[in-house]
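# Chain and residue survey
In case you want the letters, here they are:
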Amino acid sequence: MHSPSLAPAPSRTAALARSWRAWWRSLSPTRQDRFAALAPLAAVLLFMAAIVAAFWYLRMEEGEREQEALRRDVEYAQQRVRLRLLERQEQIMRIARDLSNQELERPQFDQRAEALISQYPELQAITWIDARGHIRASHAAPTLSGGQMRVPGEVLKKGDTADAFDLTRDLQQPVYVQPAAGSGEPTPLLQLQVPLNVQGKFGGVVLGEYSIDSLLRYGTPTEVLARYAVTLLDAQHQVLAGTPLAPRSATMPWQPWSKRANEYEVPVSPVGNGLVLRAQAYRTSLGVVGSGLFWLVVTLSTMTAWMLIATWRHTRRRMQAQMALVAETNFRRAMENSVLTGMRALDLQGRITYVNAAFCQMTGWSEAELVGQTPPFPYWPDADLDTLHARLQDELNGKTVSGGFQVRVRRKNGAIFDARLYVSPLIDARGQQTGWMTSMTDITEPNRIREQLSASHERFTIVLEALDASVSVAPLGSEELLFANKLYRQWFGSQTDGHLQLVAQAGVLPAKNAGSDSADGEDGLMGLPTDTLTSAHTENAEIFLPELGKWLEVRSRYLSWVDGRLAQMVIATDITPRRQAEEQTARQTERAQSVSRLITMGEMASSVAHELNQPLTAINNYCNGIVSRIHSGQITQEALLAALEKTSHQAQRAGQIIQRIRDFVKKSEPNRTLADVSSMVGEALELADIELRRHNVRLTHYVAARLPQVMADSILIEQVLINLMKNGAESIAQARRTPARRSVELRVVPKQIEGQQVVEFSVQDTGQGLAQEVLERLFEAFFSTKQEGMGMGLNLCRSIVESHQGRMQAENIYNGSEVTGCRFSFWLPLAAPDNDATNSVANVHPPRTIA
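The present account deals with the structure reproduced in this document. Remember, predicted model here, so these are calculated numbers, not experimental data.

Counted by the stated rule, this structure contains nine aromatic pairs. Their ring planes at 50° and their centres at 5.8 Å tell us that Phe-109 and Trp-128 sit as a pair that is tilted. Of this pair, Phe-109 sits in helix 3 (residues 106-119) while Trp-128 sits in strand 1 (residues 123-129), and the two are 19 residues apart along the sequence. Residue Trp-128 is classed as buried on the basis of its relative accessible area, which comes to 10%.

Note on sheets: strands pair through backbone hydrogen bonds, and any given pair is parallel or antiparallel. Taken in spatial order, the four strands line up as 7-6-9-8 in an open sheet, and their pairing is antiparallel. One side of each edge strand has no neighbouring strand; the edge strands of this open sheet are strand 7 (239-241) and strand 8 (263-268). Adjacent strand axes in the sheet meet at a mean angle of 35° when their direction is disregarded. Relative to strand 9 (residues 272-281), strand 6 (residues 228-233) is paired through six bridges, and the arrangement is antiparallel. Each residue of the ladder has a partner; that of Thr-231, found in strand 9, is Arg-278.

Take the sheet that holds strand 1 next. Spatial ordering of the open sheet is given by 2-1-5-4-3, a layout of five strands whose pairing is antiparallel. The strands lining the two open edges of the sheet, one partner per strand, are strand 2 (135-140) and strand 3 (175-177). Each strand of the sheet is rotated relative to its neighbour by a mean of 20°, with strand direction disregarded. The pairing of strand 3 with strand 4 (residues 190-198) spans three bridges and is antiparallel. Note that in strand 4 the partner of Val-177 across the bridge is Gln-191.

Considering all chains together, one arrives at two cavities of 30 Å³ or more under this definition. Counted as a void, the largest cavity has a volume near 150 Å³. Every element with two or more residues in the lining of the largest cavity is listed here: helix 11 (385-396), strand 12 (405-410) and strand 14 (433-442). Classifying every residue of the lining of the largest cavity by side-chain character gives 10 nonpolar, one polar and four charged.

In total, this model carries 34 salt bridges according to the counting rule given. For Glu-122, the salt bridge is made with Arg-88, and the minimal N-O distance between the two is 3.0 Å. Of this pair, Glu-122 sits in the loop between helix 3 and strand 1 while Arg-88 sits in helix 2 (residues 29-100), and the two are 34 residues apart along the sequence. The exposure class assigned to Glu-122 is buried, which follows from its relative accessible area of 0%. On the accessibility criterion, Arg-88 (2% relative accessible area) is buried. The partner of Glu-465 in a salt bridge is Arg-489, with the nearest N and O atoms 2.9 Å apart. Placement of Glu-465 in helix 12 (residues 444-466) and of Arg-489 in helix 13 (residues 486-492) is noted, with a sequence separation of 24 residues between them. Classification of Glu-465 by relative accessible area gives partly exposed; the value is 22%. With relative accessibility at 36%, the residue Arg-489 sits in the partly exposed group.

What counts, and where the lines are drawn
Residues numbered from 1 in each chain as written. Predicted model: local features only at pLDDT ≥ 70, side-chain atom pairs only at ≥ 80, totals over all residues. Heavy atoms only, no water. Phe/Tyr/Trp six-rings, centres within 6.5 Å; stacked < 30°, edge-to-face > 60°. Helix = DSSP H or I, 4+ residues; strand = E, 2+ residues; numbered from the N terminus. Buried < 20%, exposed > 50% of the residue type's maximum accessible area, 1.4 Å probe, protein only. Pairing = 2+ DSSP bridges. Axes fitted to C-alpha atoms, helices over the stretch in contact; angles between N-to-C directions. 1 Å grid on protein atoms, 1.4 Å probe; cavity = no way out; pocket = protein on both sides within 12 Å on 5 of 7 lines; lining within 4 Å. Points joined across faces, edges and corners; volume = space filled by probe spheres on them. Nonpolar A, V, L, I, M, F, W, Y, C, P; charged D, E, K, R; others polar. Salt bridge = Lys/Arg side-chain N within 4 Å of Asp/Glu carboxyl O.

Remember that the coordinates give geometry; whether it matters functionally is a separate question.
Right, dumping it as structure tokens:
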């Protein structure tokens, strides 16, 4: 800004000079003398007017500069306050988002709210309100008044908060509102309501309440607060926070330019016009502007006024400093009264000179009762007087402990609580020590929790030590043993070698194979699961340790140790008795199966003998015929060869029967391999057909084409089929059926049972069926309906099927209410269920009848 020239243009100056001389000559001498006498006064007045005009102009120019600086500072402060509001809004919106996704429960909500409120002083309360307006949870700062707290379970009352709740539900976006305060109520809090969107529906709000005074104090930059009186106003320009300056017209009526307050205000977004930030300059300085001669004249002309103004300004500064000191003192007093830590000051003689509200609340004595007291203090327990006297002497002598010390304190009502005291010297402004400041914290509850944790740890240790299993914990990639119970130490000592041996021998950790492709869910570089290790399932393995002579069941899982390291826990249980019992049971089962086959063949001995008699008789006849024709000389070479071939065929037939019987009854180790169903069924049919013909029973069978292979022991499955078909023939014989109704049918078809592909074997007879009480006990050991039976046949059959992961069942066949037979069926799972090419397709063929 350029100052306009105070001197007239040259032509105008010359014209005025000529006019002045003409006017002066026209005056009489008397008048000229009078004007000459008044000239110095007029000159002084004109000079003073010029100074005043120049001062006014410079003051206006500097005022504009100050106003511009004020505008920049206020906008900067508004941005800081806005940024602080947006940061708190983002944090509250994160809580709302977690609540909407149901990732946050009430305890976690309380923890998050408490962390935010303790970290940011402007946040006074955070409340979770559901869609019906019920308060689910709320956490408030200790400084919040009781009337402004929200209790879980209450319903929002009608008012600005409820109206804002409805507006938030309609807009589905955050809404700021400032409820109106009633008479006698504290200043209302600025509220932010963030909606909860649960699966596209309104699920309530998260209500955040701000202290406007704390928002101003902590959100406004310190340099702005130092230069201006900053206040926050509502929409009606009522002061919500801060202290505005008094109007200047009352104190400086003779300065017309000072009536215009040097202030600037701007709305605070995102709140809008409901919250306005205003700043007022504490003072207006002229600054060093203009030439030295100008200020020399001003200084000489206004010395007296300057001294008066300087005195006035000094007095005003003192008053401002005094007000600031009072405000700071009140602030510190309020801060001391708001903390939960008790504060006590002692002079050098041990006399109490100061206690805060928290100290009085802890002990139960008032400030008047404590200040001025000398040892022993009234809150000292009688039993600890000597100890506390010694502690106080150490304190007065400067023998303080940096970590504090624990004492017992007696309340006024006689109750005793534990407290921890921290002592520090009290230094005055001159650097001299005037006493000692002591802070006191109630640690009764922490001590109780610590004792409970210690007792819980002791119980947990006793339980682990008494376990009949070895428990050890070691970090990954280290040979340090973090924990080992008593049984582990008995087996392996106190070193980590036993832990590593169990892990290595059990193969709990997958082997590293960086050269091959990683399997799904594994990291090929680390050899560890890619999921969270501490949430992985327990891995089991059974190993044998020769040095211990024991079978161990090893279970392992990953966990995070107390120091954050990833560790592996291994539990080893002695299963030697169980393994020995399993091995003995397996040997007994094998012997029982072998004996069962021998019994079956013994029961079929007459049938087998009759079957062998036919080829042997034929061989005998062929041999006698050949001998007779040779003696008579009536045989040709071709006839002899034909007779010998028939004799050889009958011998092979007898040998096949004997070989099948030998393979069936011989004792062998269990051998489960991929077995062809058709071949297995064929072998069983050949042996069973002998027994069924003895009972004059017709045997039919149907086997689906292209059946997939099953993982089975062929001899055991043949034993099951033979037993079922033999039992069917015996049931038909006992029922005395007519020849037309004497039949046993074997069907082998693919099926899908319990969600898996299986092969079903079913044996259906036309006997008399089974009674209901027999069906209930059919598969029990030593239960039999035969007079000579031992009751082991069907029990062994079911055990064999279930050992192949199959199931067996029996049911009667009805024709109306009449029982016309019985059906035994069992199924075996396929060896390769995922191979679609092996799915069987049953071709319709007529059943084959064996005469």
